[in-house]
Amino acid sequence: MDEIVTQKDFWDREADNFDSIYSHEKSRMSNFLDKIFRWDMYARYKYTLKNSQPISGKTFLDVGCGSGRYSLELARRNAKQVVGIDVSGNMIETCKRRSAEEGLSDRTLFVQADLLGYDLEHKVDVCIGIGLFDYVKDPLPVLKKMRESSEHRAIVSFPRAWTWRVPLRKSRLWLKGCPVYFYTKSKVDELLNQAGFKGYELAKIGQLYCVTAFPG
Ligand SMILES: C[S@@+](CC[C@H](N)C(=O)[O-])C[C@H]1O[C@@H](n2cnc3c(N)ncnc32)[C@H](O)[C@@H]1O
């Protein structure tokens, strides 16, 4: 099946389940396990917001925005405009509903699309792609388009290869019909160079690489 269709179907089913990692609307035991085993997701959130600064008055593109946890926080911190795109209609509906509930609709635009099929009207200051490359078989065109779309910075994450979590995550997602991809440091270096970034800073955070890259 086409990758975009697979991703759309999977994340349409998983939207609420995924968001509970942030909302903590799950059992005490699950929250405890998230704290122990997913601490790097929370650290990645802090990393991204820190490296997005200054936020006020700036424009953002959030690729694979999911339930909008990043996009909405950027809008709350007075971003001039945040465009969130995601292949999952359920994720986009959640983003739109929350944005309207919080009175952020004048500063946010949520669109069901994948980046390669989306025409951005203007470059943004910062383009983010968090928890996205885990699910993209051919990341180079996506990274290139993120570079072309951003004026100042792209902030992205990659799940690390050869960690203890890889086989567990691979089999759990395989059972649910969702392929997942992992990256060595040298693969990340190669991708960022091939995508044409002029420089980047890479942080190893738990089982993740978090990268702030400069389009030049
Ligand atoms: C793990 S979630 C991450 C959501 C959000 N960035 C976060 O970290 O909270 C991955 C999201 O990427 C979306 N996605 C996967 N492939 C995509 C693609 N090619 N274009 C746009 N979105 C995509 C999925 O639908 C899903 O909502």
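Since we're looking at a predicted model, the values are computed, not measured.

> Just to check I follow, could you spell out the pattern of salt bridges for this structure?
One pass over the full model with this rule turns up 15 salt bridges. For Arg 165, the salt bridge is made with Asp 40, and the minimal N-O distance between the two is 3.4 Å. Highlighted residues: Arg 165 in helix H7 (residues 165-175) and Asp 40 in helix H3 (residues 39-51), separated in sequence by 125 residues. By the burial criterion, Arg 165 is buried, and Asp 40 matches it. Measuring nitrogen to oxygen at the nearest pair gives 2.6 Å for the salt bridge that ties Glu 73 to Arg 76. One end of the pair, Glu 73, and the other, Arg 76, are both in helix H4 (residues 69-76), three residues apart, so they sit about a helical turn from each other. Here Glu 73 falls in the buried class, since its relative accessible area comes to 14%. Because the salt bridges share partners, they merge into one network encompassing Glu 73, Arg 76, Arg 77 and Glu 102.

> Explain the side chain of Arg 165 to me, please; I cannot follow it from the model alone.
In this structure Arg 165 comes out as buried when scored by relative accessible area, which is 16%. A polar side-chain atom of Arg 165 sits 3.4 Å from a polar atom in the side chain of Asp 40. The residues touching Arg 165, leaving out its near neighbours within four places in the chain, are Phe 37, Arg 38, Asp 40 and Gln 207.

> Is there a simple way to think about the pairing of strand E7 (residues 208-214) in this case?
Across the seven residues that make up E7, a large majority, six, are buried. Across six bridges, the pairing between strand E5 (residues 150-159) and E7 is antiparallel. Paired with Val 156 across the two strands is Val 211, which belongs to E7. Strand direction decides the pairing type here: strand E6 (residues 199-205) and E7, joined by seven bridges, are antiparallel. By the bridge assignment for E7, Lys 204 is matched with Tyr 209. Remark: two residues form the turn of the hairpin made by E6 and E7, two consecutive strands paired antiparallel; Gly 206 in that turn has positive phi of roughly 55°.

> I keep staring at the site of the ligand and nothing clicks. Help me out?
For the ligand, the set of nearby residues contains 19 residues, the closest of which are Trp 11, Tyr 22, Gly 64, Asp 86 and Ile 130. In this structure, a nitrogen atom belonging to the ligand sits 2.7 Å away from a main-chain N or O atom of Gly 64. When the ligand is considered free in solution it has 590 Å² of accessible area, and contact with the protein chains removes 97% of it. When residues in the shell around the ligand are grouped by element, the largest group, five residues, is from helix H1 (residues 3-23). By residue class, the composition of the shell around the ligand is 12 nonpolar, five polar and two charged.

> Honestly, the nonpolar core in this entry has me stumped. Any pointers?
Within soluble globular proteins, side chains that are nonpolar generally end up buried alongside one another. With 28 residues, the main nonpolar core has Leu 61, Val 63, Phe 133, Leu 143 and Phe 158 as its most contacted residues. Among the secondary structure elements, those contributing two or more residues to this core are strand E1 (59-63), strand E2 (81-86), strand E4 (124-129), helix H6 (139-149), E5, helix H8 (185-194) and E7. It is H6 that contributes the most residues to this core, four residues altogether. Contacts of Phe 158, omitting those with residues within four sequence positions, involve Phe 133, Leu 143, Tyr 183, Val 188, Leu 191, Gln 207, Leu 208, Tyr 209 and Val 211. In this structure, Ile 21, Leu 49, Ala 75 and Ile 205 belong to the second largest nonpolar core, which totals 24 residues.

> Before we go on, may I ask you to explain the environment of Asp 16 in this structure?
As for its placement among the helices and strands, Asp 16 is situated in helix H1. Of the residues examined, Asp 16 reaches a relative accessible area of 64% and is grouped as exposed. Along the sequence, Asp 16 and Met 91 sit 75 residues apart, while their C-alpha atoms lie 8.6 Å from each other.

> Explain the sheet that holds strand E3 (residues 108-112) to me, please; I cannot follow it from the model alone.
Hydrogen bonds along the backbone pair up the strands of a sheet, which may run parallel or antiparallel. Spatially, the seven strands line up as an open sheet ordered E3-E2-E1-E4-E5-E7-E6, and their pairing is mixed. Of all strands in the sheet, those with a lone pairing partner are E3 and E6, marking the two edges. Pairwise comparison of adjacent strand axes, ignoring direction, gives a mean angle of 15° for this sheet.

About the criteria used
- Residues numbered from 1 in each chain as written.
- Predicted model: local features only at pLDDT ≥ 70, side-chain atom pairs only at ≥ 80, totals over all residues.
- Heavy atoms only, no water.
- Salt bridge = Lys/Arg side-chain N within 4 Å of Asp/Glu carboxyl O.
- Helix = DSSP H or I, 4+ residues; strand = E, 2+ residues; numbered from the N terminus.
- Buried < 20%, exposed > 50% of the residue type's maximum accessible area, 1.4 Å probe, protein only.
- Polar contact = N/O pair within 3.5 Å; in protein donor to acceptor, adjacent residues only side chain to side chain.
- Contact = heavy atoms within 4.5 Å.
- Pairing = 2+ DSSP bridges.
- Near = heavy atom within 4 Å.
- Areas by Shrake-Rupley, 256 points an atom, 1.4 Å probe, with all protein chains shown as cover.
- Nonpolar A, V, L, I, M, F, W, Y, C, P; charged D, E, K, R; others polar.
- Core = buried A, V, L, I, M, F, W, Y, C linked by side-chain atoms within 4.5 Å.
- Axes fitted to C-alpha atoms, helices over the stretch in contact; angles between N-to-C directions.

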